[in-house]
Amino acid sequence: MEAAEVGKYSEALLIAAKMKSQGIIPDVTTYSALMTAATHHRGWLDTWAIVDDMLAVGLKPDTNIFNALILAQNSMTSDYVWKVLEKMEELDVNPNQFTFTPIIRRYVEDNNTELAIHVYRAMKPRNIVPDVKTASILIGHVAEAGYPRLALDLLADFEAVSVRRVDHAVWAKCLTASAEAFYLEGVISCWRKFVHELNLNPGEGVCLAVLDTAARNANPDLATDALRVLKSLGIEWEEHHFAPLIEAFCGKKQLKEAIQVLDIMRTQGVEPRPETVSALLGALSDTEAIDSIWALVDEMVKEHQPVDITVLQALISASVNLKDLQRAIGAYKSLGEYGASANITIFNSLLLGCVRTSHRDLGNLLLDDMKAAKIKPDQDTYETFITLCLAQPDYEDAFFYLEEMKANHFHPSYRVYAKIVKTCIQSNDFRYKIALKEMEDMGHTPRSDLKRLIRIAQEGKQHGEEPKPPQSIPLDGSALRFIETGGIEGTAELPRDPIS
């Protein structure tokens, strides 16, 4: 069957027909050659005819014949492959490694992960070891499909029965998949193999994913090793590299070490941001936790260890979150004892506390402190103070500070305009229309909840409930005396000053 071997399928068929006409019965070798040629020409129906012809002349197809038959079904649906396997079982023909290989690869190409694994696992009871390439293709596919735990199970099963080992590309896929799924056990296993045993470079992206996994699973050792690898790759450390390490320490309740990371950041020329200590802030969920951190800070000061300002910011913010404004102000007043001074972040946090407690007088005092410290307000300062003004019965100052905010080239957010509009509507103040128009001029589109409130206000107007200008609020005793005496008596406040 030289013609079949060189790919001359039509000629091979003519020769086979001539053999039969001369009474020469083809043997298994002849049929194998014909099957190979038919498979090469994608003659899936011809391959079945060849098998039927073998059976008709009393020859039992062997495993190689059926393997070729499986390959020939590649252009057909997978049902035809199962028919081949059923035929093998019917004729008691045992499959081998090359029987399963094309089936597994086909299912992988079709993204039929479940069936690919089903066929792969069917090899084990038959004591058939898959070839390393097929195993690598399947394991890599499973990892990329988002099943790192399953991929690593398949990898372990393969290397337990095979003398061959999957290459580094498979480990890289498993490492990436494990990190993306925050699967700690998988990350540790793959990281050890890929980085420490194979001594390979995982890349910055994978290192960042590993850092996130370490943070989520409270594993500072893994996080520090990822930082080491980043440094060895020549990548300069940045804030987002350290934040996961701090989170990992906080998750493991090693708060002192978390605080010390901030000092390491500064020695490396990396400036911590308020969000850098978000994990530490999250751990300060009650007064007991806040007191424990203060005790830790005091201990570090006694040991002459630096305490970063962001830690003090977190302590103040935590007190504000608990609406414990007295504790927050106490911490603010004691900043000098720790060699620190209030910055814009601390002032904004304290102003937020004033909003939550509707404490306008304290807000005024904090603005005075800002001016004395020559700290310029930012967008958050203005918007928080406007919100504080809106929480008062007399909210006239909100409009004053809104204008000052715009004069200082800040672009008011949708949130602050929405609060002004809602307050005016709730107070039956016609100026909600002015605020609404200005909001739209600033490029903000009213959202559904605000539209609903405006519609209700307009419907009220149609029923004769015309919004009115804000009513004057009665003066208290001291203010009245100030007016009556021309400022000679009384303790009324002086006219408002700008924030900046």
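Provided above is the structure to which this section pertains.
This one's a predicted model, so the numbers in the text were calculated from it and none came from an experiment.

**Student:** Quick question: what am I supposed to make of the nonpolar core here?
**Tutor:** Grouped burial of nonpolar side chains is what soluble globular proteins tend to show. Leu312 and Tyr332 are the most contacted members of the largest nonpolar core, which has 149 residues in total. Excluding residues within four positions of it along the chain, Leu312 makes contact with Trp294, Val297, Val307, Leu335, Tyr338 and Ala340.

**Student:** Please clarify how the side chain of Lys256 should be interpreted in this entry.
**Tutor:** Position of Lys256 among the secondary structure elements: in helix H16 (residues 255–267). Within the local environment of Lys256, its side chain forms a polar contact with the side chain of Glu303, the two groups lying 3.1 Å apart. In this view, Lys256 contacts Leu296, Glu299, Met300, Glu303 and Gln305; residues no more than four positions away in its chain are not counted.

**Student:** Looking at this model, I keep getting lost on helix H22 (residues 360–372). Mind explaining?
**Tutor:** Side chains of residues three or four places apart in an α-helix project in the same direction, reflecting 3.6 residues per turn. For H22, with 13 residues, the first-to-last C-alpha span of 19 Å sits near the 18 Å given by 1.5 Å per residue. Those residues of H22 that sit buried are Arg360, Leu362, Gly363, Asn364, Leu366, Leu367 and Met370. For H22, the secondary structure elements touched by its buried residues are helix H20 (325–333), helix H21 (344–357), helix H23 (379–390) and helix H24 (396–407). Residue Lys374 follows H22 closely and has a positive phi angle near 55°.

**Student:** What is the right way to look at helix H5 (residues 63–72) in this model?
**Tutor:** For H5, a buried count of eight out of 10 residues is recorded, marking the element as mostly surrounded by other parts of the structure. The inward-facing, buried residues of H5 contact helix H3 (28–40), helix H4 (44–56), helix H6 (78–90) and helix H7 (97–109). Of the residues that open H5, the one with a side-chain oxygen 3.2 Å from the backbone nitrogen of Asn64 is Asp62.

**Student:** It is not clear to me how the layout of surface pockets should be interpreted in this structure. Could you clarify?
**Tutor:** If you roll a probe as big as a water molecule over the atoms, it shows you where there is empty space left. In this structure, the second largest pocket spans a volume of roughly 420 Å³. Together, 23 residues line the second largest pocket, and Ser317, Thr345, Asn348, Ser349 and Leu352 are the ones closest to its centre. Contributions of two or more residues to the lining of the second largest pocket are made by helix H17 (278–283), helix H19 (309–321), H21, H23 and helix H25 (414–426). Looking at side-chain class alone, the lining of the second largest pocket contains eight nonpolar, 10 polar and five charged residues.

**Student:** Looking at this structure, I do not really get the packing of aromatic side chains. What am I missing?
**Tutor:** In this description, a pair of aromatic rings is defined by centroid distance and the angle of the planes. In this structure the tally under the stated criterion is seven aromatic pairs. Between Tyr332 and Phe347 the ring centres are 5.6 Å apart and the planes differ by 65°, which places this aromatic pair in the edge-to-face class. Taken together, the residues span a long stretch of sequence, with Tyr332 in helix H20 and Phe347 in helix H21 at a distance of 15 residues. Between the aromatic rings of Phe385 and Tyr401, the centroid separation amounts to 5.0 Å while the plane-to-plane angle is 85°, which identifies the pairing as edge-to-face. One end of the pair, Phe385, is in helix H23; the other, Tyr401, is in helix H24, with 16 residues separating them in the sequence. Overall, the relative accessible area of 3% leaves Tyr401 in the buried class. Three or more aromatic residues joined by ring pairs form one cluster here, namely Phe385, Phe400 and Tyr401. The ring of Tyr80 carries Lys83 above its face, with NZ or CZ at 4.8 Å from the centroid.

Cut-off values and rules
Residues numbered from 1 in each chain as written. Predicted model: local features only at pLDDT ≥ 70, side-chain atom pairs only at ≥ 80, totals over all residues. Heavy atoms only, no water. Core = buried A, V, L, I, M, F, W, Y, C linked by side-chain atoms within 4.5 Å. Buried < 20%, exposed > 50% of the residue type's maximum accessible area, 1.4 Å probe, protein only. Contact = heavy atoms within 4.5 Å. Helix = DSSP H or I, 4+ residues; strand = E, 2+ residues; numbered from the N terminus. Polar contact = N/O pair within 3.5 Å; in protein donor to acceptor, adjacent residues only side chain to side chain. Expected span 1.5 Å × (residues − 1). 1 Å grid on protein atoms, 1.4 Å probe; cavity = no way out; pocket = protein on both sides within 12 Å on 5 of 7 lines; lining within 4 Å. Points joined across faces, edges and corners; volume = space filled by probe spheres on them. Nonpolar A, V, L, I, M, F, W, Y, C, P; charged D, E, K, R; others polar. Phe/Tyr/Trp six-rings, centres within 6.5 Å; stacked < 30°, edge-to-face > 60°. Lys NZ or Arg CZ within 6 Å of the ring centre and 35° of its normal.

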